[in-house]
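Understanding the architecture of this molecule
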Amino acid sequence: MRFYLISDNIDTAIGLRLAGVMGTVVHGREETLEAFNEALQDETVGILLITELAAGEIQEEINSHKISGKLPLVFVIPDRHGWRGDKNFITRYVEEVVGVKMNE
């Protein structure tokens, strides 16, 4: 099984290609959804990486796939500009699940 990347920018794609991760650059919802569905059909893909902005285009489809429990595993990653979303999302998630506020 291999990694595969769906990126909204060429810089992230080139950086990960240097690490041996192949992928595609997409623009807009239609291209992103097409690349996502192709990656899901490829049985050699075990882990699918998708940049944050690209993931935002197809969030419902990503959530649906994650709930299904099927391969590939899907991970949303930051691009070269860094994480744009809530930087404390993991801490908040743990606090919600455990019910205990964590010190920062």
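Residues numbered from 1 in each chain as written. Predicted model: local features only at pLDDT ≥ 70, side-chain atom pairs only at ≥ 80, totals over all residues. Heavy atoms only, no water.

With respect to the sheet that holds strand 3 (residues 45–51)
Counted only if it meets this: Two strands form a pair only when DSSP identifies at least two bridges running between them. The helix and strand labels rest on DSSP assignments: H or I over at least four residues marks a helix, E over at least two residues marks a strand, and numbering proceeds from the N terminus. Axis definition: a line fitted to C-alpha atoms, limited for helices to the stretch in contact. Angles are taken between N-to-C directions and run from 0 to 180 degrees. What makes two residues a contact is simply this: any of their non-hydrogen atoms within 4.5 Å.
Taken in spatial order, the four strands make up an open sheet running 2-1-3-4, and their pairing is parallel. Unpaired on one side and paired on the other, strand 2 (22–25) and strand 4 (73–77) mark the two borders of the sheet. The average angle at which neighbouring strand axes cross in this sheet is 20°, direction not considered. In this structure, strand 3 lies alongside strand 4, joined through five bridges in parallel fashion. When the bridges of strand 4 are listed, L48 appears paired with V74. The sheet strands contacting helix 1 (residues 10–18) are strand 1 (2–7), strand 2, strand 3 and strand 4, and the helix crosses strand 1 at an angle near 165°. Of the strands in this sheet, strand 1, strand 2, strand 3 and strand 4 are in contact with helix 2 (residues 28–41), which crosses strand 3 at around 165°.

Remarks on the pattern of salt bridges
Let me state the cut-off plainly: Take a side-chain nitrogen of Lys or Arg and a carboxyl oxygen of Asp or Glu: if they are within 4 Å of each other, that pair is a salt bridge. For each residue, the accessible area found with a 1.4 Å probe, counting protein chains only, is set against the maximum for its type, and the residue is called buried under 20%, exposed over 50%, and partly exposed in between.
Tallied over the full model, the rule gives two salt bridges. Where R2 meets D42, a salt bridge forms, and the shortest distance between an N and an O atom there is 2.7 Å. Of the two residues, R2 sits in strand 1 while D42 sits in the loop between helix 2 and strand 3, which places them 40 residues apart along the sequence. We classify D42 as partly exposed; its relative accessible area is 25%. With its nearest N and O atoms 2.7 Å apart, the salt bridge here joins E61 to R29. With E61 in helix 4 (residues 59–68) and R29 in helix 2, the pair connects residues that are 32 residues apart, well separated along the chain.

Some points on helix 1
Worth spelling out the cut-off: Under the rule applied, a polar contact is a pair of N or O atoms within 3.5 Å (in protein, one hydrogen donor and one hydrogen acceptor; residues adjacent in sequence only if both atoms are side-chain atoms).
Between the side-chain oxygen at the start of helix 1 and the backbone nitrogen of D11 there is a gap of 3.2 Å, and the oxygen is on N9. Positive phi appears at G20, one or two residues downstream of helix 1, with a value of about 95°.

Details of the pairing of strand 1
Both faces of the sheet carry side chains from a regular strand, because those side chains alternate between them. Our working rule: Handedness of a crossover: with both strands directed away from the viewer, a clockwise path from the first strand across the helix to the second marks it as right-handed.
Bridging between strand 1 and strand 3 involves five bridges; their strand directions are parallel. Bridge pairing in strand 3 places Y4 opposite L48. When strand 1 meets strand 2, the two strands line up parallel, connected through four bridges. Residue pairing for strand 2: L5 is matched across the bridge by G23. Handedness of the crossover joining strand 1 and strand 2 through helix 1 is recorded here as right-handed.

Some thoughts on the nonpolar core
Here is the rule: To qualify as a nonpolar core, a set must consist of buried Ala, Val, Leu, Ile, Met, Phe, Trp, Tyr and Cys residues joined through side-chain atoms within 4.5 Å.
Counting residues in hydrophobic clusters, the biggest one holds 15 residues, and the most contacted among them are I6, F36, L48, I50 and I62. Only strand 1, helix 2, strand 3 and helix 3 (52–57) provide two or more residues apiece to this core. If you tally residues by element for this core, the top one is helix 2, at four residues. Residues in contact with F36, not counting those within four places in the same chain, are I6, L48, I58, E61, I62, H65 and V74.

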